[in-house]
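Here is how the chains run, residue by residue.
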Amino acid sequence: MQCERQKIPQISYASTAPELSDNTRYDFFSRVVPPDTYQAQAMVDIVKAMQWNYVSTVASEGNYGESGVDAFIQRSREDGGLCISQSIKIPREPKPNEFDKIIRRLSENPNARVVIIFANEDDIRRLLQAAKKANQTGHFIWVGSDSWGSKIAPILNQEEMAEGAVTILPKRQSIKGFDRYFTSRTLENNRRNIWFAEFWENNFQCKLSRHAVKKGSGIKKCTNHERIGKDSSYEQEGKVQFVIDAVYSMAHALHNMHKDLCPGKVGLCSKMDTINGTLLLKYIRDVNFTGIAGTPVVFNVNGDAPGRYEIYQYQIVNESMEYKIIGHWTDQLHLDINEMQWPGGTQDIPSSICSQPCRPGQRKKIVKGIPCCWHCENCDGYQYQADTYTCKMCRFDLRPNENHTGCVPIPIVKLEWSSPWAVIPVLIAVLGIMATLFVVATFMRYNDTPIVKASGRELMQLLGVCIWFGVDPSQAIIDYEDQRTTNPVMSRGVLKCDISDLSLICLLGYSMLLMVTCTVYAIKTRGVPETFNEAKPIGFTMYTTCIVWLAFIPIFFGTSQSAEKMYIQTTTLTISVSLSASVSLGMLYMPKVYVVLVHPEQNVPKRKRSLKAVVTAATMSNKFNPKGGLRPNGEAKSELCESLETQDCVEGGEPCEGL
């Protein structure tokens, strides 16, 4: 035969275990004190308000201690940012050195100074004793649950170990009427309480029976004239308010039930002869009245009272010791940090963190499995700190700022007009441009003269350059790779002309082709009569150009690692190009300009003759005059020319002037 579970509603004034909120198991249980889940949340909020993120927990074995710590750990995980260094359980029957071992374990990680305690009074007292024995005064910061609260017994004679401890208690108020009532109780007017006599003996340290007093024991006989609060210390028990509220809750529920089931009747009616537990529970959960302390008394669907706590701190000021209220918690924390004081009388909040905050420009590398512990790694090179955990590369045209918290533009370097590196090349270029314009103007003015015609007026290269500029116009760009050093501080962007490798190859290749072709033909025509021979000026031009560029190459490439690389190479290149152009202009064109302007009489047309006839005549002249080879080149050539001119005149049928 199975026994049906008794459905008897209960209202507790002290039970705070979290599992009692489970409606599937304790559906007829209600309480006027908040469950430890609220207390655990309040303690988590206190820890976070102090910016602690690495704490240890200590719990007395049993429902209260273990459930409280479990609730604290669960809440801390849900909120995040809080890690547990050690989670220690005190056995129900601890060995003599058990608390010494606990203190040693707590001391293994000195960074975790805060200890969360859900323990009974005796365990708290012995834990403080062990800490004092280990000379840990002022090291640990205790955060105690309501079992510690504002009690004196756990810290008696070891107050310095509890200095700075933060404790929590359900919000309560001392009931003045109860004090008046209780302090007036005596053995004569309180005979109905069978335990009152035992309380009297313990409170006044006396014995009611004469035979119980032993000689030399120091215990006196009770006189019945002792008075509570006068002949002994008295402090109202903290749960008096909740006892009264629990009684009133049941009374209000029964009263409301009676009004509904027995309207207008005095005493119980037939409907209430047998109380229906389920129905009574409904009336209990529906009560809503102002309690003895002036706070509302209500229950949620799980039968729990709302969480209302007062936050205390044990302080020692000028040898005065007290639990001082520093805040309260009602769904959220209200804490007056300015009222708090820590071991040594300081107001600086002690730290309890696993790792120190990283400096600007460093990222956190989390230790596996411990989110509150990390290593700090520098964002080095061209990296900057994108967020707490990430370093990212700066954009190609940026570099990190001084502390690597962001990116700033890379400085741009260029040749300034006022720089000595620019003045000399510009001066040479201006002179060269003026000389070139002078030659162009002269050739345009004397466009139809023989020397200008013989120089070639077709511009088979200027047209190509113009087309090239039209298709692929040059523009200035900033090169960030040329001076991108390992140290970002030294990095620079270089303002330069945008020219591709292909364009440079084409430009240099064409110039080299002209140089080689001119040099080859200058050598081949070195034996041609002087009137037709430009081998000497072409040769001198090419030789000089080669010398200029041979000097340029070691200077240009030899300074590639120099700090002044951009200035030296740019200046060397521009001067080399200007010198090459000046050599060509001076050796090939200036002699012709000289003839055109200074000796115009030499700028006349010559009689036409074929090159074949000239070469044939020169060959036959050498055969008939073998000694001619012994004469200087200039003399032989002069006679050859004279003979050729004479022959031409005769063949033409006209006498030659000057012959």
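As the structure is a prediction and not an experimental result, all values here were calculated from the model.

## What about a nonpolar patch on the surface?
Side chains of Trp 417, Val 426, Leu 427, Val 430, Leu 431 and Met 434 sit close together on the surface and give an oily, nonpolar patch of about 650 Å² of accessible area. For Met 434, the location among the structural elements is in helix 10 (residues 420–445). The class of Met 434 is exposed, set by a relative accessible area of 53%.

## What about the sheet that holds strand 21 (residues 412–413)?
Across a sheet, strands are paired by hydrogen bonds formed along the backbone, either parallel or antiparallel in direction. The strand order across the open sheet built from 3 strands is 21-23-22, with neighbouring strands paired in mixed fashion. The two strands at the open ends of the sheet, each matched to only one other strand, are strand 21 and strand 22 (476–483). Direction of pairing for strand 22 relative to strand 23 (residues 492–497): antiparallel, over a ladder of 5 bridges. Paired with Asp 479 across the strands is Val 494, a residue of strand 23.

## Details of the nonpolar core
Residues Trp 52, Phe 72 and Ile 116 are the most contacted members of the largest nonpolar core, which totals 28 residues. Elements represented by at least two residues in this core include exactly helix 1 (36–49), strand 3 (54–60), helix 2 (63–79), strand 5 (114–118), strand 6 (141–144), strand 7 (166–170), strand 12 (309–317) and strand 13 (320–329). Of the residues forming this core, the biggest block, 6 residues, is contributed by helix 1. Those residues in contact with Phe 72 that sit more than four places away from it in its chain are Ala 40, Met 43, Val 44, Val 47, Val 55, Thr 57, Leu 82, Ile 84, Ile 116 and Phe 118. Val 58, Ile 102, Ile 155 and Tyr 314 belong to the second-largest nonpolar core, a separate cluster that totals 27 residues.

## Remarks on the packing of helix 10 against helix 15 (residues 565–598)
Here helix 10 crosses helix 15 at 25°, and the two axes come no closer than 9 Å. With respect to their mutual orientation, helix 10 and helix 15 come out roughly parallel. Crossing angle aside, the handedness with which helix 10 passes helix 15 is left-handed. Class assignment of the residues belonging to the contact of helix 10 with helix 15 gives a composition of 18 nonpolar, 6 polar and 1 charged.

## A word on the sheet that holds strand 6
Strands sit in the order 4-3-5-6-7-12-13-14 across an open sheet of 8 strands; the sheet is mixed. Edge positions in the sheet fall to strand 4 (83–90) and strand 14 (333–335), since each of these pairs with one other strand and no more. Averaged over all pairs of adjacent strands, the angle between their axes in this sheet comes to 25°, without regard to strand direction. Direction of pairing for strand 7 relative to strand 12: antiparallel, over a ladder of 5 bridges. The residue of strand 12 that forms the bridge with Leu 169 is Glu 310. Contacts from helix 1 reach strand 3, strand 5, strand 6, strand 7, strand 12, strand 13 and strand 14 within the one sheet, and its direction differs from that of strand 5 by about 170°.

## What about helix 8 (residues 240–261)?
With 22 residues, helix 8 should reach 32 Å at 1.5 Å per residue; the first-to-last C-alpha distance of 32 Å fits that figure. By the burial criterion, the buried members of helix 8 are Val 240, Gln 241, Phe 242, Ile 244, Asp 245, Ala 246, Ser 249, Ala 253, Met 257, His 258 and Leu 261. At its buried positions, helix 8 is contacted by strand 1 (10–12), strand 7, helix 6 (176–183), helix 9 (277–285), strand 10 (289–290) and strand 11 (296–297).

## Notes on the UniProt feature "transmembrane region" (unreviewed entry) in the chain
Look at the UniProt record and you will see "transmembrane region" (unreviewed entry) annotated at residues 421–443, 502–523 and 538–558. Measuring from the first to the last C-alpha atom of residues 421–443 gives 34 Å, for a span that is 100% helix and 0% strand. Secondary structure content for residues 538–558 is 100% helix and 0% strand, and the end C-alpha separation is 30 Å.

## Looking at the pairing of strand 3
In terms of burial, strand 3 is a largely internal element, 7 of the 7 residues being buried. With burial as the criterion, each face of strand 3 is covered, one bearing Tyr 54, Ser 56, Val 58 and Ser 60 and the other bearing Val 55, Thr 57 and Ala 59. Pairing between strand 3 and strand 4: 6 bridges, direction parallel. Bridge pairing links Tyr 54 to Cys 83 in strand 4. Handedness of the crossover is the feature at issue here: the chain leaves strand 3, passes through helix 2, returns alongside strand 4, and the resulting connection is right-handed. Where strand 3 lies against strand 5, 5 bridges are found, and the strand directions are parallel. Paired with Ser 56 across the strands is Val 115, a residue of strand 5.

## Comments concerning the state of the cysteines
As enumerated under the stated definition, the model contains 7 disulfides in all. A sulfur-sulfur separation of 1.9 Å characterises the disulfide bridge that pairs Cys 206 with Cys 222. The S-S bond linking Cys 206 to Cys 222 shows a torsion near 95°; that makes this disulfide right-handed. Here Cys 206 is found in strand 8 (residues 206–207), whereas its partner Cys 222 is found in the loop between strand 9 (220–221) and helix 8, with 16 residues between them in sequence.

## Digging into the packing of aromatic side chains
Summed over all chains, the structure comprises 15 aromatic pairs. Each member of the aromatic cluster is reached from another via a ring pair, and the members are Phe 178, Tyr 181, Phe 182, Phe 196, Phe 199, Trp 200, Phe 204 and Tyr 234. Seen from the ring of Tyr 446, Arg 445 lies directly overhead, with NZ or CZ sitting 4.9 Å from the centre. A cation sits over an aromatic face here: Lys 592 above Tyr 589, 6.0 Å from the ring centre.

Reading the values: the criteria
- Residues numbered from 1 in each chain as written.
- Predicted model: local features only at pLDDT ≥ 70, side-chain atom pairs only at ≥ 80, totals over all residues.
- Heavy atoms only, no water.
- Patch = residues over 30% accessible without salt bridge, like charges linked within 9 Å, V, L, I, M, F, W, Y side chains within 5 Å.
- Areas by Shrake-Rupley, 256 points an atom, 1.4 Å probe, with all protein chains shown as cover.
- Salt bridge = Lys/Arg side-chain N within 4 Å of Asp/Glu carboxyl O.
- Helix = DSSP H or I, 4+ residues; strand = E, 2+ residues; numbered from the N terminus.
- Buried < 20%, exposed > 50% of the residue type's maximum accessible area, 1.4 Å probe, protein only.
- Pairing = 2+ DSSP bridges.
- Core = buried A, V, L, I, M, F, W, Y, C linked by side-chain atoms within 4.5 Å.
- Contact = heavy atoms within 4.5 Å.
- Axes fitted to C-alpha atoms, helices over the stretch in contact; angles between N-to-C directions.
- Parallel < 35°, antiparallel > 145°, perpendicular 65-115°, else oblique.
- Left-handed = near helix turned anticlockwise from the far one by under 90°.
- Nonpolar A, V, L, I, M, F, W, Y, C, P; charged D, E, K, R; others polar.
- Expected span 1.5 Å × (residues − 1).
- UniProt positions renumbered as here; feature names shortened; annotations may be inferred.
- Right-handed = clockwise from strand over helix to strand, strands pointing away.
- Disulfide = S-S within 2.5 Å.
- Phe/Tyr/Trp six-rings, centres within 6.5 Å; stacked < 30°, edge-to-face > 60°.
- Lys NZ or Arg CZ within 6 Å of the ring centre and 35° of its normal.

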